[in-house]
Amino acid sequence: MPKVSTDIRERWGCVLQKRRVATGMTQARLGRALGVKGSAVSNLERGRTNPTEEVLAILDETLGTGDELTRLWTALTKEGKIPWLGQMDELERKAVSILEFHPFLVPSLLQTQAYATAVVRAVTPWESLAQAEASVAERITRGERFQGADKPVMMAVIGRAVLLDPVGGSTIMREQLEHIHSLAARERITLQFTGTNTHPGLIGPFKILDPQPEPEIVYAESAYKGQFVDDPAAVAEFKLRFHRLQAAALAPEQSLCLIEETIEGFPQ
């Protein structure tokens, strides 16, 4: 069986837990249906173990989920479906620094659950609820891990369109802005907004990771799927692009003030 990354197991496990809780079933009771202890169910929900085909079938039958859990596991582990997820998770864990630019969204590591849900549903409205929940769970897990640690250092430049075109409505956007303001105010991140509509970031979103002792690597997003770039010359060009973005953007203090002004425009 191909190796399955931890973040994929955690995404699937989060959905399993929600479906179990929705039925009012305890881990111990579900474990008895599987012929195992409740701790084994806990390991599945926490992404510590892989479910077998037999376990997937029993889970779907016991929880009354049709074949949802089986289909979700297949989709998440299918070769080529999301080949970069495990790699990104590992790179973020090892990184000393992350330099990220996004023209129209709050970076994924800084998103609240409500905002992330609105983004995922807007970008992939054809996905099932289970797939969307799994995507959001993976994103929030990565974000919480980052926000609760001392490293990597993160510098983010965000397009002002994030403030002008709210995602998910005023309540969700207010919560999201308060969240990134808090992170920036306590210097967990350095945050800047673009000052003009013409800048070196018009090529689209990207992030530069420094997973020492390995060389720096760039993750560039696209409409199809993200691409990792490790060519030293290309990475150097992306770094130059990011530093030019920083130089042209509002200063961190001005960016905090801009967030505060925008928050005041949203009702509590």
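Rules used in this analysis
Residues numbered from 1 in each chain as written. Predicted model: local features only at pLDDT ≥ 70, side-chain atom pairs only at ≥ 80, totals over all residues. Heavy atoms only, no water. Axes fitted to C-alpha atoms, helices over the stretch in contact; angles between N-to-C directions. Helix = DSSP H or I, 4+ residues; strand = E, 2+ residues; numbered from the N terminus. Parallel < 35°, antiparallel > 145°, perpendicular 65-115°, else oblique. Contact = heavy atoms within 4.5 Å. Nonpolar A, V, L, I, M, F, W, Y, C, P; charged D, E, K, R; others polar. Buried < 20%, exposed > 50% of the residue type's maximum accessible area, 1.4 Å probe, protein only. Pairing = 2+ DSSP bridges. Left-handed = near helix turned anticlockwise from the far one by under 90°. Core = buried A, V, L, I, M, F, W, Y, C linked by side-chain atoms within 4.5 Å. Salt bridge = Lys/Arg side-chain N within 4 Å of Asp/Glu carboxyl O.

Novice: Break down the packing of helix α4 (residues 53-63) against helix α5 (residues 68-77) for me, citing the residues and quoting the values.
Specialist: Contact pair α4 / α5: the axes reach a minimum separation of 7 Å and the direction vectors enclose 140 degrees. Classified by the interaxial angle, the pair formed by α4 and α5 is oblique. For the pair α4 and α5, the contacting residues are L56, A57, L59, D60 and L63 in the first and E68, L69, T70 and W73 in the second. Of the residues assigned to the contact of α4 with α5, the class counts are 6 nonpolar, 1 polar and 2 charged.

Novice: Explain the pairing of strand β4 (residues 206-209) to me, using residue names and the numbers behind them.
Specialist: On a regular strand, each side chain points to the face opposite its neighbour's, so the side chains alternate between the two faces of the sheet. Because side chains alternate across β4, one face comprises the buried residues F206 and I208, and the other comprises K207 and L209, equally buried. Sheet analysis places strand β1 (residues 97-102) next to β4, joined by 4 bridges and oriented antiparallel. Bridge pairing links I98 to L209 in β4. Where β4 and strand β5 (residues 217-220) come together, 4 bridges link them in antiparallel fashion.

Novice: I'd love a proper account of the packing of helix α7 (residues 113-123) against helix α8 (residues 129-147), names of residues and values included.
Specialist: Between α7 and α8, whose axes approach to 9 Å, the crossing angle comes to 135 degrees. If you check the angle between α7 and α8, you find them oblique. As for how α7 packs across α8, the hand of that crossing is right-handed. Together, Q113, A116, T117, V119, V120 and R121 of α7 and L129, A132, S135, V136, R139 and I140 of α8 make up the contact between the two elements. Looking at side-chain class alone, the contact of α7 with α8 contains 7 nonpolar, 3 polar and 2 charged residues.

Novice: Kindly report on the sheet that holds strand β2 (residues 153-158), identifying the contributing residues and their values.
Specialist: If you walk across this open sheet you meet the 6 strands as β3-β2-β1-β4-β5-β6, and the pairing is mixed. The sheet terminates laterally at β3 (189-193) and β6 (227-229), the two strands that pair on one side only. Strand-to-strand twist in this sheet, taken as the mean axis angle between neighbours without regard to direction, amounts to 15 degrees.

Novice: Please set out the nonpolar core residue by residue, giving values where relevant.
Specialist: Grouped together as the largest cluster of nonpolar side chains are 35 residues, with contacts concentrated most on L110, Y115, L177, I189, L191 and F193. Secondary structure elements with two or more residues in this core: α6 (85-94), α7, β2, α9 (161-164), α10 (170-185), β3, β5 and α12 (252-264). Counting residues per element, this core draws most heavily on α10, which supplies 6 residues. In this view, F193 contacts I158, G159, R160, L163, A249, L250, S255, L258 and I259; residues no more than four positions away in its chain are not counted. By size, the runner-up hydrophobic cluster in this structure holds 19 residues, among which are L30, V41, L44 and L59.

Novice: Provide a residue-level description of the pattern of salt bridges, including the pertinent values.
Specialist: A full pass over the atoms with the stated rule returns 14 salt bridges. Where E45 meets R20, a salt bridge forms, and the shortest distance between an N and an O atom there is 2.5 Å. In this pair, E45 is assigned in helix α3 (residues 38-45) and R20 in helix α1 (residues 6-23), connecting sequence segments 25 residues apart. Of the two residues examined, E45 and R20, each falls in the buried class.

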